Amino acid sequence: QVQLVESGGGLVQPGGSLRLSCAASGFTFSLSRMSWYRQAPGKERELVAGIGGPGGDTRYADSVKGRFTISRDNVKNTVYLQLNSLQPEDTAVYYCGAGPSTPNYWGQGTQVTVSS
């Protein structure tokens, strides 16, 4: 069955960095579009970044452009999200998703908290 397992979240001070990982199994990872979403308390889940399968094309939410970088390793079946210059408004649960547009499959999420 499809499994997406996120890791790498934690507590970080403003201006700090984190690297999130999402290990995937149960489907053809290299051909699948992968995305990172986040959901802050009281807010809807929003797209943060996405990366295509074969082509590796990327897209980002305006709020994270220039600060976050999505990448993938098709040998390790893992997608990453590098978070730099973190701000308190980046605090959320970050979810990995797999699917061509809105993800068909989701991970359990990893908490990112930005606070001094």
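The structure reproduced in this document is the subject of the present report. If you're wondering where the values come from, they're calculated on a predicted model, not measured in any experiment.

Attention now moves to the state of the cysteines. A complete count under the given rule lists one disulfide for this structure. Paired through a disulfide, C22 and C96 show a sulfur-sulfur distance of 2.1 Å. Residues C22 and C96 are joined through a disulfide that is left-handed, its torsion about the S-S bond being -75°. Of this pair, C22 sits in strand β3 (residues 18-25) while C96 sits in strand β9 (residues 92-98); the two residues are 74 residues apart in sequence, bridging distant segments of the chain.

With respect to the helices and strands, L4 occurs in strand β1 (residues 3-7). Residue classification places L4 among the buried positions, given a relative accessible area of 5%. Each C-alpha atom of the pair L4 and G109 lies 9.2 Å from the other, and the pair is 105 residues apart in sequence.

Under the counting rule described, the total for this entry stands at three aromatic pairs. Taken together, a centroid distance of 6.4 Å and an interplanar angle of 55° make the contact between F27 and F29 tilted. You can call F27 partly exposed: its relative accessible area is 21%. According to the relative accessible area criterion, F29 is buried, its value standing at 2%.

Cut-off values and rules
Residues numbered from 1 in each chain as written. Predicted model: local features only at pLDDT ≥ 70, side-chain atom pairs only at ≥ 80, totals over all residues. Heavy atoms only, no water. Disulfide = S-S within 2.5 Å. Helix = DSSP H or I, 4+ residues; strand = E, 2+ residues; numbered from the N terminus. Buried < 20%, exposed > 50% of the residue type's maximum accessible area, 1.4 Å probe, protein only. Phe/Tyr/Trp six-rings, centres within 6.5 Å; stacked < 30°, edge-to-face > 60°.

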